[in-house]
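# Descriptive structure summary
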Amino acid sequence: MLSTEVCEYVLSRGSVRVGILDLGATLSFLEMPDRKGQVKNIVAGFPHRELYWQNDYYFGCIVGRYANRIGEGRLQLDGRVVQLSVNNDGNHLHGGFEGLHRKRWRPQSLIERDDASGIVLEYMSPDGEEGYPGNLRIQVSYVLDGAGRLYMDYIAVSDAATPVSLTNHSYFNLSGFENPVIDDHLLRIFASRYTEKNGANLPTGRLLPVKGTPLDFTALRSIGERIGQLSRDQGYDHNYVLDGSLAGELSVAAELYDPDSGRQLRILTDRPGIQVYTANWWDGSVVGSQGVPYGRHGAIALETQAFPDSPNQPGFPDTILRPGEVYRTTTIFQMNTK
Ligand code: BGC
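Here is a short report on the structure shown in this document.

Calculation criteria
Residue positions within a chain follow its written sequence, with the count starting from 1. Since the coordinates come from a predicted model, pLDDT governs what is reported: local features require at least 70, and pairs of side-chain atoms require 80 or more to be given and counted, while whole-chain, interface and lining totals use all residues. Side-chain measures here rest on the full set of heavy atoms in the structure, leaving out hydrogens and waters. Residue burial is assigned from relative accessible area. The probe radius is 1.4 Å, only protein chains are included, and a residue is buried under 20% of its type maximum, exposed over 50%, and partly exposed in between. Each helix is a run of DSSP H or I of at least 4 residues and each strand a run of E of at least 2, with the numbering of both proceeding from the N terminus. Should DSSP find at least two bridges between two strands, the strands are taken to pair. Contact criterion: two residues are considered in contact whenever any of their non-hydrogen atoms come within 4.5 Å of each other. Residues are classed as near a molecule or strand on a simple rule: at least one heavy atom within 4 Å of it. Think of a polar contact as two N or O atoms within 3.5 Å of one another; within protein, one of them needs to be a possible hydrogen donor and the other a possible acceptor, and neighboring residues in sequence only count if both atoms come from side chains. Note on areas: Shrake-Rupley, 1.4 Å probe, and residue coverage restricted to the protein chains presented here. Nonpolar cores are built from buried Ala, Val, Leu, Ile, Met, Phe, Trp, Tyr and Cys residues. Side-chain atoms within 4.5 Å join them into one set. In this description, a line fitted to the C-alpha atoms serves as the axis of each element, helices being fitted only across the stretch in contact, and the angle between N-to-C directions of two axes falls anywhere from 0 to 180 degrees. Salt bridge criterion: a side-chain nitrogen from Lys or Arg within 4 Å of a carboxyl oxygen from Asp or Glu. To count as a disulfide, a pair of cysteine sulfur atoms needs to be within 2.5 Å.

## So, the pairing of strand 18 (residues 193-197)
With four of its five residues buried, strand 18 lies for the most part within the structure. Note that strand 18 and strand 19 (residues 203-209) share four bridges and pair antiparallel. Following the sheet pairing, Lys 197 is matched in strand 19 by Pro 203. The hairpin turn running from strand 18 into strand 19, its antiparallel successor, is five residues long, and Asn 201 in that turn takes a positive phi close to 70 degrees. Across two bridges, the pairing between strand 18 and strand 21 (residues 237-241) is antiparallel. Residue pairing for strand 21: Tyr 194 is matched across the bridge by Tyr 240.

So this is what it looks like as structure tokens:
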């Protein structure tokens, strides 16, 4: 019988500590001090590791092979129709029923340098898994340095053409859930456009300006200020087109700040988009690792990724990984206090 035991690796540098699970290559906790030095875990997680086998909200895990939605789970690839599993209202979401978040990853190596510690995890996704073509070999590394930066490097290679877009699905509440909602957090997103979506939460293909809409976070704004205007989604659930990443180089994507605790998170990435999701369907039924129930708007996920449904949108950046190519991307979570 396969063991359901889950292993946790702890990386520690200065006053920042992170936990990484072999299940889903999940970021299970992220502890950092506030401006008075009080340390709290600022990400959503479960109080027991075995609960991650369920993880319906995708706490902290790596999602894929394709993060976000693919319409009807279907795409055309080199003249063939590829049918992926359909696990969300007729669409494919976050890699399907048994996506990468429900797989056991193999620790490949531990990194111990003067300036940083880290871990490399690997998963071999077999041809046909959740409908995806090709054997895909994926490596994700988490490296924490002494300046409060957590580097996430993603590498993947495949023996057949397949869509790939990986992300980390951590939810942040910089008060450490002392405040049960993130309405008072200030957010800045380095994006002047977003991908318009239809009623099925799929992109229409149009990139629209955020200016003059509740989606405008080009200057630091409180999340709660206009969240009530987004009644259809019960909050934010939108993909932003990052201004800086069009060149494919690392740049700041988002900045999140909790004025009460002084904790700040900056996210840097080379990805074209970021999905902003304010835990709109959390209903208080999960009591998280901080010992409090997780309710609506209890945290915010900032998921660096390719645009949703890119394989069906000719105008969006290409997301097909081909044999001989290497998928290689980086996202950094940078922790600070101010
Ligand atoms: C998506 C939401 C989805 C949620 C599931 C987010 O990344 O944007 O639409 O409901 O994941 O936890």
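There is more to say after this.
## Here we look at the environment of Ser 15
Along the polypeptide, Ser 15 turns up in the loop between strand 1 (8-13) and strand 2 (16-21). The residues contacting Ser 15, other than those within four sequence positions of it, are Glu 31, Met 32 and Pro 33.

## Notes on the site of the ligand
With respect to spatial proximity, the complete set of residues near the ligand consists of Tyr 57, Tyr 58, Arg 69, His 94, His 169, Tyr 171, Asp 237, Gln 275, Tyr 277 and Glu 303. Taking His 169, its side chain carries an N or O atom lying 2.8 Å from an oxygen atom of the ligand. The protein chains hide 91% of the 310 Å² of surface that the ligand would expose on its own.

## Notes on the nonpolar core
Among the nonpolar cores identified, the biggest contains 57 residues, and Tyr 142, Phe 172 and Tyr 240 are the most heavily contacted of them. Residue contributions to this core peak at five residues, all from strand 12 (residues 136-145). The next biggest cluster of nonpolar side chains, apart from the first, holds 16 residues, and it includes Leu 21, Phe 46, Ala 279 and Trp 282.

## Examining the sheet that holds strand 20 (residues 221-222)
Strand pairing in a sheet is mediated by backbone hydrogen bonds. Such pairs are either parallel or antiparallel. Overall, antiparallel pairing links the nine strands, which are arranged 10-11-12-13-27-23-22-17-20 in an open sheet. Each edge of the open sheet carries a strand with a single partner, namely strand 10 (106-112) and strand 20.

## Notes on the sheet that holds strand 4 (residues 39-41)
The strand order 1-2-3-4 describes an open sheet built from four strands, whose pairing is antiparallel. Looking at the sheet topology across the chains shown, the edges are occupied by strand 1 and strand 4. Averaged over all neighbouring strand pairs, the angle between strand axes comes to 15 degrees, with direction disregarded.

## Examining unusual backbone geometry
Note that the residue after Gly 64, namely Arg 65, is joined by a cis bond; omega there is 15 degrees. Of note, Arg 65 is situated in the loop between strand 5 (62-63) and strand 6 (69-70). For Ala 25, which is not glycine, the phi dihedral falls at a positive 45 degrees. Relative to the assigned elements, Ala 25 resides in the loop between strand 2 and strand 3 (27-33). Residue classification places Ala 25 among the buried residues on the basis of a relative accessible area of 0%. Residue Asp 89 is not a glycine yet carries a positive backbone phi of 50 degrees. Its place among the elements puts Asp 89 in the loop between strand 8 (80-83) and strand 9 (92-93).

## Focus on the pattern of salt bridges
Two side chains carrying opposite charge are able to pair once their charged atoms lie near each other. In this structure the tally under the stated criterion is 19 salt bridges. In this structure, the salt-bridge partner of Arg 113 is Asp 115, at a minimum N-O distance of 3.0 Å. Classification of Asp 115 by relative accessible area gives partly exposed; the value is 45%. For Arg 137, the salt bridge goes to Glu 122, with nearest N and O atoms at 3.2 Å. You can see Arg 137 sitting in strand 12 and its partner Glu 122 sitting in strand 11 (residues 116-125), a full 15 residues away along the chain. Taking the relative accessible area as the measure of exposure, Glu 122 reaches 6% and is therefore buried. A single salt-bridge network, built from bridges that share partners, covers Asp 56, Glu 98 and Arg 102.

## Focus on the state of the cysteines
Throughout the structure, instances matching the rule amount to zero disulfides. Just so you know, Cys 7 is unpaired, no disulfide at all, and the nearest cysteine sulfur is the one on Cys 61, 17 Å from it. A relative accessible area of 0% places Cys 61 in the buried class.

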